[in-house]
Structure formats: C-alpha cells, structure tokens
Amino acid sequence: MDACSAVGRDIDKVLSKFTTYSDHASSTLGGLQANIESLKTDIDNVGYGDVSESQAMQLTQTLGRVKEAVSRLSIEHRDLHSSVSRVGKAIDKNFTADFGCLANDEVLTGDKQHLVNEVICQHFYREGLLDIAEEHIKETGLELPHEAREPFFELNRILGALKNKDLGPALTWAQENRDKLREQNSSLEFKLHRLAYISLLSQQPVNVSQAIEYARTYFTPFVYHHEKVIQSLMGCLLYVKGGLENSPYAHLLSPSQWTEICDVFTRDACSLLGLSVDSSLAVCVNAGCTALPVLLNIKQVMAQRQVHNMWNTKEELPVSIEFPDMCNFYLPNICFAMKLEVSDHKNKVKLIYCVVVKKSKIVKILVNSKLKITFYLLE
Amino acid sequence: MADVSSIEHPTLKVPYEILNKKFRLAQKTLDREVCHVTTAVTELERVLFTENRSAAQISTLLGGVVEKLNSFKRKAEEATQEEIECGRVVKRRVDHLKEHDSLNQAVVAEWKKSRLDRLLVEYLLRTGCYNTATKLAASRGIEGLTNLDVFLVAREVEQSLAARDTTKCLAWCHDNKSKLRKLNSSLEFNVRMQEFIEFIKGDRRMDAIRHARKHFTGQDTAHLPSIQRCMALIAFPADTEVCPYKDLLSGSRWDDLIAQFRGENLKLYQLSSQSAFSVVLQSGLSALKTPHCYRGSTGHNPDCPVCLRSLNALASPLPYAHCSQSRLVCNISGDQLNENNQPLMLPNGYVYGQKCLKNQTDIHNLTLSCVKLHEELDKASFKAVKVFLM
C-alpha cells in the first residue's frame, strides 16, 4: 500500500501543521485581545481627560505587537502551502491520472447507453435495491420487461425473510422446486429443515417432543443422502437438558449457519433460474479492476518502445490477465504450437501423450527438426 | 494494490483540489483582514504620534482596533477549521483505500462492493441520473467517499443555463476565477457574449451596446474576431437568415455553453472526461471475452458475464482476452490440473484430478462412482495421464 501510505503521510503532516497553526493563532490573538481590552478599560476610566504618558507608551507597544502578530500569522499561513501542494504531488506521483486513454469513447455511449442502463438496473434488482432501481428507470426512461424483474422480487423477498430468521418462505419455495433442486444435487431443503430443527431445540423452554415430531415428519426423505448428519442431529437431544451450547454440538448454534443458508439459497436459486450467482456487473467490474493496471502497464511499455500500432489490433488484448478467483468461465484448449484456440472437435487430436494439437500442424512439426519433442502419429 | 493506484486518482485528487481552493480563499481572507487591522492600528498610532492624548478619541479608535482584531481572529479560526475539515476528508478516503489490502477476506469483499457502488455513483452523476446517484450513495453510506457535491453544484448551474439564466454560471466563474484563468478558459467570455446576443434577440440594442462596452473591452486579443462578429449582429434583424449571424442567434448555443461548462468543471477538479466506471467495464469485458461467448447458446455458462445479453452486445467491438495456455480443471472439485494435482484417467476415458479422486475413494472405500456416468469402477484400473500444457 505504498501509494496510500505516501499520501497518508503527507496529509497527516498537513493536518498536524494546520492544527498547530490554529492553536498558535488562537493563543497569540487571545493574549493580544486580553491586553488591549484591559488597556481600553483603563483608558475609559480616565473619562474626559487625557491619557497618561505611560499609558500612551504601553498602548504604542501593544499596537506594534498587534501589527507584527497579524502579519506574521498571515505569512505563516502562506508557508503552509508547500505542505499542501506536497499532498497533491504525492497523489499525482502514486496514482494514475490518465486511465481514460484505454477506453474507447463510442463503446458505451450513444445507442449503447440503454444497454449499460439495463445492466445497471439488473444489478440494482439483484442487490435488493428495488426503490433505487425504480428511480433509475424513471430517470433513464428504461423499459424493462416485467419477467426480467419478477425472479429478483421473489429472491429478495425470501432472502429478506431468511435474514430475519424466518424459514417459511424459503421452505415453501424449496418444496415447490424440489425436483429441479434434486437434479442439481442441491441439499437446500434438508439444510433448511436442519436449521428449523435446531431453532426448535434452542428456543426456551425447549419442547423436545415438538422437535422429535418435526424430525420424524421432515427428515425421512433425506436419510439416504444425509444419514450421518441426521444421526448427529438426533444426538443433540441428549444435551438439551444441559444446554446445547455446552455440548459437542455447540457449533450448530453458531450465527454463521444463518449466513451460510442465505448463501446456499442464493446459489441454488440462481442456478435453478439460470442466473449467475454473483451480479454480472460486479464480476465484470472486479475483473476490469484486475485487468486495468496490467493493460496500463503494457500501454506504457508499448509507448516507450514506440510500438503504437499493436494496440490497434482489435482482435485480442496484447497480454493475458491472471485472475486469482473463479473468473475462468470457459476453459480454452490452446494449440501449443500455434498458441491459438482450437475450437472444433474435429481439429483436435489427442495423441498417446494427450497433447492437444491442431491436426494440420502435426505435419509441420515432424518436418521441422528444430523441436526437441518427437511425435508418434498413429493411424 | 496496483488496481487501487490505477483508478483511484479522482477519489483523492478532488478533495485535494477543494482543500487547495479553501487554502487560497483563506489566504486571501487573512491578507484582507491583516490590511483592516493594520489600517486601524496605523490610524491610532498616528493620533498618538501627534501628542494628542484625548482619552475619548483614543478610546474610540482603540475600540475600532479591537473590533478589527476580533474579526481577524474569528475569520482566521473559521478559515483554518474549514481547511482542516477538507484535509480530514482526504485522510478519510486514504484510510478507506488502505482497507483494500486488509488480511481479512470479509473486509476486502466489503471494500470491493463499496468500490462498485462508488464507481456507479460517479457514472450515474456523469450521465445525469442525479436522484439515483444521491439515493444510492445515501443507502450505502458512501457520500463522504464520492464526489457527489461537485456534480450537484454543477447540476444547479447546468439547470440554470438550460433555463437561459446566466447568474449561477457567472457566480461559479467568479468563484473559480484564478483556476479558470490558469486553464485559459473562455467560458465567462462566452456567457457574456450570449447575454449580448439575448439583448439583440429582445431588440434592446442600446442595452447590448452598453453591455459590450462593459464586458468586451479589456478582453484578450484572441477573442477579437468573435467580438467583431457579435458587434456586427447589431446591424441585422433578429430573424435574419444570413449566416453566420443566423447561427449566432440560434438557441443551440445554450447547449454549447452547458457542454463547455461541464468540460471546464471536470478540468477544474482534474477529472478525466471518461468515467472510471466505463474504463473498468470495458477492460473487464475485454479480459473475460472468449469466442465461446459468441458461439450461440449451446454450452453457455450462466456465470459468465459476457454471455449476458446486454453485456454481450456491449462487448462485441472490444478485443478478446489473450490466452496462451490451455487450462484444464477437474470437473468435480474445480481445482486446476497441474503438477500438484495430477490428472488421472478412468477406464471409461474421463479424466479427473488426483486430489479429488483420493477424497472420493476415502469415503467409499475401494470403489469409486464416476460422478458423470454413475458407474462403479475399480481404483486399480486408474491410469495416470500426462497432460502437456505449454
């Protein structure tokens, strides 16, 4: 964080200097004010007569100090400017001012503007910011079909209930979509029932028979897949008297169970509805923030080496971007000889060593004796 | 860390510019007040010097000095407090940016979310969706981290210009006089010219001439041709068809003024004409764009942002991501297949990662169900597969 630390240090210096200056000004001026006030009181007491020689002397001296103090304060303030401008220089040095050179003006403007607005609006719905989305629609005159909004209303309603520890809407939804969830190998419904069961056990006073009744009714269909978990859940009954928090099952009471169920629900619901798990806009922006410094760097290097036209090839970025998180949505098969993607299956050849190569290239490789790897082309 | 320094320049530069402006204002105030105090003091000193000792007179003059001194102290305090507050805004933003590097994953995730909100607020402000931007900033509590105020002040000026009222714009020009002079801005001159043209339109030619006398003399010589053209307008009626005088009378000149104001406002705060959001979005789309996204709807990954209809259309003129290596990933666990996670081929031809097959066999003892085909297979028949990735 050198960039931030550098600026942080300079701004701290500015703040401390200003505070010192302010205190100094207050005390100096306060002292002078007090002096003058007392002198004035004395002179007022003289009434209609003349002031004495000593008073006049004192007055002259004090007035001299006043003039000197105020002009000095003004000069001291002016001297602070160098510290202030140092902050500006630190910002310019450590942060890129001109990132706009990378972007193409026409890509997002004009008739494409409504697409950007659409993406932003969908993002607001996804995040549950329904009133902000409505405001956005009003201000941009966007027309979103109702079907685009419906799934998000439902999702946010259920999530809202889950955040309030109300499992009802989620359970209804899970039961309605049981078949589709099973196809996805989702254990959402079971996890919801598990949480409901734990809640029954943790409420005071505990109604054990109610909990057992719940387990009997709802756990049975899940025994095949979740046998061990159900066994441990029934084991909880042993510790009800002494309190679950003192048992080996204390972790089941943790509030992280609730955050986890929200995540599981979001993931499964989005998967079912064919939506992406995370907001597309968020993924894209995070990817862009990772990509941007790399691209700025390469642009700088190209400019230095005076390779201006390479950037204008609109086919591919000049450099590959490494994403640490799961940003790899498609797994390309790259021909190692040509460094291009092999898209068609018929072009791909799996050799005995499982090398993926474009078929037409193999002949060239065999001919080209410079390569050290030998290939055996089986008929 | 690098991505912070790539796009966060405006986040820090704008409050810095505000601090700078406050500083200059404070310095002017202090100098003015010093002048007042010094004048009052000098007056009194002069009286004392003339050996006049009348207590009443001295007391009155002294009262004047006290008043000026009090005023100086008060104004100095106010100005310094405002400067400190501006400095604190810069500090708060710097501290916020530092959180990007935190070791706590939850803090970093929260920070990224906040970054997206900040980018959105700025983009919404630039495209004129002021209410949405204000609501979003308020709901996420990020007003202090965005440059909302700059754009809202600008919006007021733009609205007044759209209503053909020049007062707010001229006030803004006066407020930022020194910086605009450094930028060689012709905004104020253009506004004055527009006022002249409005006089002509309203057939108030004498007023127009008086206005010209007041504001056009003493202008830069570079403006002389425009002034001459304007003055010639006096000779033409308001509905003339003769160009270029017809264009001068056109209402679209107000839109040009608004556009010029917007540009100058951005330059004043050293903001780029492109919003950070659009730059980041384009880079992101480009970095994620693969030919798969444009091959029709089969095999679409719903998680890929570029496959979303609207983003897909936006990304089409952008370059593809550059990929020089094949990437293979275990279908069950999602981990990469590399030297730490050797690919193993099952007899049915499917290849999975060694780590995840080990986990699976622990649970189900010696046999393994192939997840894809739900077949039971014998562990002994697994073959190691070497995959060359170059």
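Only a predicted model underlies this, so the values are computations on that prediction, with no experimental measurement involved.

J.: How would you explain the overall build of chain B if you had to name every residue and give the values?
T.: Secondary structure assignment for chain B yields 16 helices and five strands. When burial is assessed residue by residue, chain B has 47% of its 390 residues classed as buried. Contacts in chain B between residues far apart in sequence, at least 24 positions, make up 58% of those at least 6 positions apart. Total accessible area computed for chain B in this model is approximately 19,000 Å², and 52% of it derives from carbon and sulfur atoms.

J.: Now, about the overall build of chain A: what can you tell me, with residues and values included?
T.: If you tally the helices and strands in chain A, you get 14 helices and two strands. Relative to its 379 residues, chain A shows a buried fraction of 43%. Put simply, 56% of the contacts in chain A that link residues at least 6 apart link residues at least 24 apart.

J.: Got a sec to walk through the UniProt feature "domain: CTLH" (unreviewed entry) in chain A? Specific residues and values, please.
T.: Per the UniProt record, "domain: CTLH" (unreviewed entry) is annotated on residues 151–208 of chain A. Across residues 151–208 of chain A, helical content stands at 76% and strand content at 0%; the span's end C-alpha atoms are separated by 38 Å.

J.: Report on the environment of Glu33 of chain B, specifying residues and quantitative values.
T.: All names here are of chain B. Mapped onto the elements of the fold, Glu33 is located in helix 2 (residues 9–49). Residue Glu33 is classed as buried on the basis of its relative accessible area, which comes to 3%. Sequence separation between Glu33 and Lys75 is 42 residues; the distance between their C-alpha atoms is 8.2 Å. Each residue touching Glu33, except ones within four places of it in the same chain, is listed here: Lys68, Ser71, Phe72 and Lys75.

J.: Quick rundown of the pattern of salt bridges? Include the residues and the values.
T.: Working definition: two side chains of opposite charge can pair if their charged atoms are close together. Summed over all chains, the structure comprises 31 salt bridges over all chains. The partner of Lys13 of chain B in a salt bridge is Asp92 of chain A, and the shortest N-O contact between them spans 3.2 Å. Linking Lys13 of chain B in helix 2 with Asp92 of chain A in helix 3 (residues 81–94), this pair reaches from one chain into another. A relative accessible area of 2% places Lys13 of chain B in the buried class. Since its relative accessible area comes to 38%, Asp92 of chain A is described here as partly exposed. The salt bridge partner of Lys73 of chain B is Glu77 of chain B, with a shortest N-O separation of 3.3 Å. Of the two residues, Lys73 of chain B and Glu77 of chain B are both situated in helix 3 (residues 55–98); the distance of four residues between them amounts to about one turn of the helix. The class of Glu77 of chain B is partly exposed, set by a relative accessible area of 32%. Linked through salt bridges whose partners overlap, the residues forming this network are Asp92 of chain A together with Lys13, Glu17 and Lys179 of chain B.

J.: Hey, could you go over the domain arrangement of chain A for me, with residue numbers and the actual values?
T.: Here chain A is partitioned into domain 1 (2–94), domain 2 (145–273), domain 3 (283–326) and domain 4 (330–365). Centre-to-centre separation of domain 2 of chain A and domain 3 of chain A, based on C-alpha positions: 45 Å.

J.: Mind laying out the UniProt feature "domain: CTLH" (unreviewed entry) in chain B, listing which residues take part and the relevant values?
T.: Per the UniProt record, "domain: CTLH" (unreviewed entry) is found at residues 150–207 of chain B. Secondary structure content for residues 150–207 of chain B is 79% helix and 0% strand, and the end C-alpha separation is 35 Å.

J.: I'd like to hear about the interface of chain B and chain A, residue by residue, with values.
T.: Taken together, the contact pairs 128 residues of chain B with 125 residues of chain A. Between chain B and chain A, roughly 11,200 Å² of surface is buried when both sides are summed, and carbon and sulfur atoms account for 69% of that area. Our count for the chain B to chain A interface comes out at seven salt bridges. The salt bridge involving Glu45 of chain B is made with Lys67 of chain A; its shortest N-O contact spans 3.1 Å. Counting the contacts that link chain B with chain A gives 22 residue pairs in polar contact (both at pLDDT 80 or more). At the level of elements, helix 1 (2–7), helix 2, helix 3, helix 4 (105–126), helix 5 (130–140), helix 14 (276–288) and helix 15 (309–315) of chain B are the ones that each hand at least two residues to the side of chain B that touches chain A. Sort the elements by how many residues they give to the side of chain B that touches chain A and helix 3 of chain B lands first, with 24 residues.

J.: Describe the nonpolar core, listing the residues and the values that go with them.
T.: Membership of the largest hydrophobic core comes to 86 residues, with the highest contact counts inside it found for Phe124 and Leu281 of chain A together with Phe277 and Leu285 of chain B. For this core, the element with the most residues is helix 13 (residues 280–304) of chain A, which contributes 11 residues. In this view, Leu285 of chain B contacts Cys284 of chain A together with Val306, Leu311, Leu314, Ala315 and Leu318 of chain B; residues no more than four positions away in its chain are not counted. Among the nonpolar cores identified, the runner-up in size contains 55 residues, and Cys4 of chain A together with Tyr16, Val47 and Val90 of chain B belong to it.

J.: Residues and numbers for the state of the cysteines, please.
T.: Residues and elements named next belong to chain A. Applying the stated rule across the entire model yields zero disulfides over all chains. The closest cysteine sulfur to the non-disulfide-bonded Cys4 is located on Cys289, 14 Å from its own sulfur. According to the relative accessible area criterion, Cys4 is buried, its value standing at 1%.

J.: Any chance you could break down unusual backbone geometry for me, citing the residues and the numbers?
T.: All names here are of chain B. Positive phi, close to 65°, is recorded for Arg164, a residue that is not glycine. The residue Arg164 is located in the loop between helix 6 (148–162) and helix 7 (167–175) in this model. The partly exposed category is assigned to Arg164, whose relative accessible area is 45%. In the Ramachandran plot, Asn184 falls in the positive-phi region, its phi being about 60° despite a non-glycine side chain. By secondary structure assignment, the location of Asn184 is in the loop between helix 8 (177–182) and helix 9 (187–201).

J.: Which residues make up the confidence of the model for chain A, and what values do they have?
T.: Atom-level detail of predicted coordinates should not be read off regions where pLDDT is low. The pLDDT averaged across chain A works out to 79; a share of 82% of its residues lies at or above 70. For residues 360–379 of chain A, every residue scores under 50 in pLDDT, and the model assigns this stretch 14 contacts once sequence neighbours within four places are set aside.

J.: How would you explain a positive patch on the surface if you had to name every residue and give the values?
T.: On the surface, a cluster of positive charge is made up of Arg9, Lys13, Lys17, Arg86 and Lys89 of chain A together with Lys98 of chain B. At the level of elements, helix 1 (2–46) and helix 3 of chain A are the ones that each hand at least two residues to the positive patch. No other element matches helix 1 of chain A, which puts three residues into the positive patch. Here Arg9 of chain A lies in helix 1.

J.: So, the packing of helix 1 of chain A against helix 3 of chain A: which residues are in play, and what are the values?
T.: Residues and elements named next belong to chain A. For the pair helix 1 and helix 3, the least separation of the axes is 9 Å and the interaxial angle reads 170°. As the angle between them shows, helix 1 and helix 3 are arranged roughly antiparallel. Contacts between helix 1 and helix 3 involve Ala3, Ala6, Val7, Asp10, Ile11, Val14, Lys17 and Phe18 from the first element and Ser83, Val84, Arg86, Val87, Ala90, Ile91 and Asn94 from the second. In the contact of helix 1 with helix 3, the residues fall into 10 nonpolar, two polar and three charged.

What counts and how
Residues numbered from 1 in each chain as written. Chains lettered and ligands numbered in written order. Predicted model: local features only at pLDDT ≥ 70, side-chain atom pairs only at ≥ 80, totals over all residues. Heavy atoms only, no water. Helix = DSSP H or I, 4+ residues; strand = E, 2+ residues; numbered from the N terminus. Buried < 20%, exposed > 50% of the residue type's maximum accessible area, 1.4 Å probe, protein only. Contact = heavy atoms within 4.5 Å. Areas by Shrake-Rupley, 256 points an atom, 1.4 Å probe, with all protein chains shown as cover. UniProt positions renumbered as here; feature names shortened; annotations may be inferred. Salt bridge = Lys/Arg side-chain N within 4 Å of Asp/Glu carboxyl O. Domains from an automatic or database assignment. Buried area = accessible area lost by both parts, 1.4 Å probe. Polar contact = N/O pair within 3.5 Å; in protein donor to acceptor, adjacent residues only side chain to side chain. Core = buried A, V, L, I, M, F, W, Y, C linked by side-chain atoms within 4.5 Å. Disulfide = S-S within 2.5 Å. pLDDT = per-residue confidence, 0-100. Patch = residues over 30% accessible without salt bridge, like charges linked within 9 Å, V, L, I, M, F, W, Y side chains within 5 Å. Lys, Arg positive; Asp, Glu negative; His and termini not counted. Charge placed at Lys NZ, Arg CZ, Asp CG, Glu CD. Axes fitted to C-alpha atoms, helices over the stretch in contact; angles between N-to-C directions. Parallel < 35°, antiparallel > 145°, perpendicular 65-115°, else oblique. Nonpolar A, V, L, I, M, F, W, Y, C, P; charged D, E, K, R; others polar.

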